[in-house]
Amino acid sequence: ILKTEGYIKEYLKAFFCTFYLLLKINFRHKVHVIHVANPLDIFFPLGWIKKLLRIKFIFDQHDLCPESYLVKYSISKSSMIYKILLWFERQTYNVSDVVVSTNQSIKDIAVERGNIKPDNIFIVRNGPDSDFKKVPVNISVKNNFKYMAAYIGVMGAPDGVENIIYSADYLINTKSYKDIFYILIGYGDEYENIKALISELELSDYFSMPGRISDEDVLTILSAADV
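These numbers were taken from a predicted model, which means no experiment stands behind them. (Residues numbered from 1 in each chain as written. Predicted model: local features only at pLDDT ≥ 70, side-chain atom pairs only at ≥ 80, totals over all residues. Heavy atoms only, no water.)

Q: An account of the overall build of the chain is requested, with residue identities and associated values reported.
A: From N to C terminus, the chain includes nine helices and seven strands. Taking 227 residues into account, the globule formula puts the C-alpha radius of gyration at 17 Å, and the chain, at 22 Å, lies well above it. Seen through its C-alpha atoms, the chain measures out along the principal axes to roughly 65 × 40 × 30 Å. Buried positions account for 37% of the 227 residues belonging to the chain. Taking as baseline every contact in the chain between residues at least 6 positions apart, the subset at least 24 positions apart corresponds to 67%. Here the chain displays about 14,400 Å² of accessible surface, and carbon together with sulfur accounts for 56% of that area. Across the chain, 26 positive and 27 negative side-chain charges occur, with their mean positions spaced 10 Å apart. (Helix = DSSP H or I, 4+ residues; strand = E, 2+ residues; numbered from the N terminus. Rg over C-alpha atoms; globule rule 2.2 N^0.38 Å. Buried < 20%, exposed > 50% of the residue type's maximum accessible area, 1.4 Å probe, protein only. Contact = heavy atoms within 4.5 Å. Areas by Shrake-Rupley, 256 points an atom, 1.4 Å probe, with all protein chains shown as cover. Lys, Arg positive; Asp, Glu negative; His and termini not counted. Charge placed at Lys NZ, Arg CZ, Asp CG, Glu CD.)

Q: So what's going on with the sheet that holds strand β3 (residues 98–101)? Which residues, and what values?
A: Ordered by their spatial adjacency, four strands build an open sheet running β1-β2-β3-β4, and the pairing between neighbours is parallel. In this open sheet, the two edge strands, each paired with only one partner strand, are β1 (33–37) and β4 (121–123). The average angle at which neighbouring strand axes cross in this sheet is 20°, direction not considered. Looking at chain direction, β3 and β4 are connected through three bridges and run parallel. Bridging from a neighbouring strand, V100 pairs with F122 of β4. Contacts from helix α5 (residues 80–95) reach β2 (56–61) and β3, with the element oriented near 135° to β2. Set on the sheet, helix α6 (residues 104–112) makes contact with β2, β3 and β4; between it and β4 the angle comes to about 170°. (Pairing = 2+ DSSP bridges. Axes fitted to C-alpha atoms, helices over the stretch in contact; angles between N-to-C directions.)

Next comes the structure, spelled out in structure tokens:
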């Protein structure tokens, strides 16, 4: 309950501060476009006044908030909060002149669930820049193992990083494949839980979790990884 109250206070403060800054900037210099991103889908009231201010509203949809909530808290679609998040999303779609999606799957939902015209949705994918290239292999990062698997990314509940641990448990403890080393790069809400799971399954000798590291170290690890 306390965590939920904290989220409500945080997002209310974020909304009102954004609304104040929008009016302040528009008073000094005409604003032509509002570009909002999620999570959370809380900025749709700004779209309600877009005609008054004569501005366009762009919704940059990074995540599906209702589905992210379902996965993170392992609840059913009958949850009131899930229904509220669907309503927030629908209101955001309704006020949007343009929607930016990260992939085709989210675009399809914007069309089907948001009734957005396909021509008003643009897919903008995320990816590494041009300097993110393979470097000469340094086998020392394999920690004297024959093979190495590497992961880089967020470690939150929706990301399913724990499945890497369960697969390693099967390979190492059930099938007795003892020649694979795992490096998990990144951080998130589930970081400590993943570390605890590794320890619980007696896999600590086979895993490294360096957290967030430099691009140079990332490239060294990924270039040496077999998977």
